[in-house]
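Here's the letter readout for the chains.
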Amino acid sequence: MPFKICTLNNIAAAGLDRFSATKYEVAADVDQPDAYILRSADMHTMTIPDSVLAVARAGAGTNNIPVDSLSNRGIPVFNAPGANANAVKELVIAGMLLACRNILQAWEFGRQLDGDNDSIHAAVEKGKKQFIGFELPGKTLGVVGLGAIGVQVANSAEALSMNVIGFDPKITVERAWQLSSQVAQAANITDLLTRADFVTVHVPLLDETRNLISAERVAQMKQAAVLLNFARKGIVEESAVKPALDSGQLYSYVTDFPSKDLKNHPRVIALPHLGASTREAEENCAIMVAENLREFLEQGNIRATVNFPDVTMPRNGNVRLAVANANVPNMVGQITTFLAEEKLNIVDLINKSRGDLAYTLIDVQAPIATETFEKIRAIEGVLSARLIEAR
């Protein structure tokens with residue numbers, strides 16, 4: 001039987017092409033799907049059937065997906081971290097230039113000019129002084145969050161002869177290796193805010209990051225600083241932005257998330273969530289999640305999810321047992337005991353945990369009896385289990 005994948009949004013063909021027609025049925029209206037693949041569709045109000053083994057979002061953020069409830073069912077939620085990093089990086093750099101050179105205000109001024117060419121020329125020479133801006137070299141950019149996007153932004157800004165400082169207490173070794181050695185480390189957010197002419201945030205929206213840039217922290221920023229938010233709506237406390245703009249504390253606010261209160265402010269540049277809106281980013285995201293979803297469905301391996309650890313193991317047996325479970329003691333012991341009672345030889349095994357969740361892959365040479373499999377599924381703390389035959 002082919003795997004059935006339900007698409008909740010239009011997904012780039014470059015990604016969907018990864019699913020072989022002989023092994024997969026991919027459509028927007030499949031019944032009882034094995035997996036969902038989506039971009040912006042809201043799954044919070046959906047009834048997700050018991051058939052679902054995985055959910056994959058062709059993008060980085062997963063606020064539109066009920067991650068907690070899926071985790072409780074042992075369902076991994078795949079995303080595409082870093083696949084849209086270049087697209088967002090380019091928009092952040094563009095946002096800094098739009099702000100510091102007053103480009104949009106000047107463009108609007110130019111559109112409103114009237115009269116013959118001589119009159120327009122005279123008006124240009126008279127009016128251009130009001131749009132005098134400043135240049136990027138020598139200015140300091142503060143980057144909050146040094147993941148895939150933050151690192152690219154920091155490196156690109158450094159290449160533009162800006163001074164760059166970064167803050168991320170959870171930076172990974174991989175990202176640290178990618179970061180330019182010229183990027184300075186801030187001791188904390190306050191240290192970064194007090195030193196930066198531009199501040200850009202690149203963190204996920206979590207309870208601990210909501211209103212991360214609060215009214216108190218806006219007040220700590222350098223006078224006439226530029227604040228950029230291409231991460232998520234909710235990272236910046238918007239009620240603090242307008243007073244700061246009006247007082248001159250902030251020179252400009254550049255965001256990818258327009259709001260009623262700020263979209264018409266003359267010092268606000270509000271874009272319609274364009275961060276990942278390039279053909280290349282959409283294709284990269286679709287390809288990444290499609291390949292990782294396919295590997296999970298066919299082999300049980302997990303790469304790049306927001307809720308489970310990365311767990312991969314080459315196939316070393318005819319039958320693979322994949323178990324998602326609560327991260328509690330003796331889980332692997334209980335599983336292997338049942339396999340031993342059936343006199344099944346374990347060829348290979350891997351178990352990893354992430355917070356409250358864990359994931360186990362076990363390869364055995366012979367088929368696992370239905371009775372043994374049901375005993376494993378019934379272990380307290382097992383969230384999901386499946387057998388994956390060699391293909």
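What counts, and at which threshold
- Residues numbered from 1 in each chain as written.
- Predicted model: local features only at pLDDT ≥ 70, side-chain atom pairs only at ≥ 80, totals over all residues.
- Heavy atoms only, no water.
- Helix = DSSP H or I, 4+ residues; strand = E, 2+ residues; numbered from the N terminus.
- Buried < 20%, exposed > 50% of the residue type's maximum accessible area, 1.4 Å probe, protein only.
- Contact = heavy atoms within 4.5 Å.
- Areas by Shrake-Rupley, 256 points an atom, 1.4 Å probe, with all protein chains shown as cover.
- Lys, Arg positive; Asp, Glu negative; His and termini not counted.
- Charge placed at Lys NZ, Arg CZ, Asp CG, Glu CD.
- Phe/Tyr/Trp six-rings, centres within 6.5 Å; stacked < 30°, edge-to-face > 60°.
- Lys NZ or Arg CZ within 6 Å of the ring centre and 35° of its normal.
- Salt bridge = Lys/Arg side-chain N within 4 Å of Asp/Glu carboxyl O.
- Core = buried A, V, L, I, M, F, W, Y, C linked by side-chain atoms within 4.5 Å.
- Pairing = 2+ DSSP bridges.
- Axes fitted to C-alpha atoms, helices over the stretch in contact; angles between N-to-C directions.

Q: Let's hear about the overall build of the chain: which residues, and what values?
A: Along the chain, the regular secondary structure elements total 13 helices and 16 strands. By its C-alpha atoms, the chain is 90 × 45 × 35 Å across when sized along the principal axes. Across the 391 residues in the chain, those meeting the buried criterion constitute 47%. Sequence-distant contacts, at least 24 apart, represent 64% of the contacts inside the chain between residues at least 6 apart. Carbon and sulfur atoms provide 49% of the accessible area of the chain, an area that totals close to 19000 Å². If you average the places of the 37 positive and of the 44 negative side-chain charges in the chain, the two averages end up 3 Å apart.

Q: Summarise the packing of aromatic side chains; cite the residues concerned and give the values.
A: Scanning all chains against the criterion turns up seven aromatic pairs. For the pair Phe-308 and Tyr-359, a centre-to-centre distance of 6.4 Å together with 70° between the ring planes defines the contact as edge-to-face. With a gap of 51 residues between them, Phe-308 in the loop between helix 11 (279-299) and strand 13 (319-326) and Tyr-359 in strand 15 (residues 357-364) connect regions that are remote in the sequence. On the basis of relative accessible area, Tyr-359 is assigned to the buried category, the value being 4%. The structure contains a cluster of three or more aromatic residues connected by ring pairs, namely Phe-3, Phe-19 and Tyr-24. It is Arg-267 that lies over the ring of Tyr-251; its NZ or CZ is 4.4 Å from the centre.

Q: Could you give me a rundown of the environment of Met-96, with the residues and numbers involved?
A: Within the fold, Met-96 resides in helix 3 (residues 85-100). Apart from residues no more than four positions distant in its own chain, Met-96 is found in contact with Leu-136, Leu-141, Met-162, Phe-198 and Leu-228.

Q: Summarise the pattern of salt bridges; cite the residues concerned and give the values.
A: One pass over the full model with this rule turns up 14 salt bridges. For Asp-191, the salt bridge goes to Arg-195, with nearest N and O atoms at 3.1 Å. Residue Asp-191 and its partner Arg-195 are located together in helix 8 (residues 189-195), separated by four residues, close to a single helical turn. Owing to a relative accessible area of 36%, Arg-195 belongs among the partly exposed residues under this scheme.

Q: Would you mind going over the nonpolar core in detail, with residue names and values included?
A: Core analysis: the biggest nonpolar cluster contains 32 residues, and Ile-5, Leu-293, Phe-296, Leu-297, Tyr-359 and Leu-361 have the highest contact counts within it. Discounting residues that sit within four places of it in the chain, Leu-361 has contacts with Gly-300, Asn-301, Val-311, Met-313, Arg-320, Leu-321, Ala-322, Asp-348, Leu-349 and Ile-350. With 30 residues, the next largest nonpolar core counts Ala-85, Leu-136, Ala-154 and Val-164 among its residues.

Q: Requested: an account of the environment of Asn-327, with residues and values cited.
A: You can see Asn-327 is positioned in the loop between strand 13 and helix 12 (331-341). As a C-alpha pair, Asn-327 and Leu-357 span 30 residues in sequence and 4.8 Å in three-dimensional space. The residues touching Asn-327, leaving out its near neighbours within four places in the chain, are Ser-353, Gly-355, Asp-356, Leu-357 and Ala-358.

Q: Break down the sheet that holds strand 8 (residues 184-185) for me, citing the residues and quoting the values.
A: The strand order 8-7-6-9-10-11-12 describes an open sheet built from seven strands, whose pairing is parallel. At either margin of the open sheet sits one strand with a lone partner, and together these are strand 8 and strand 12 (268-270). Along the sheet, helix 3 contacts strand 6 (140-144), strand 9 (198-201), strand 10 (225-229), strand 11 (250-255) and strand 12; its crossing angle with strand 11, the most-contacted strand, is approximately 145°.

It is worth stressing that arrangement in space is one thing and function is another; only the former is reported here.
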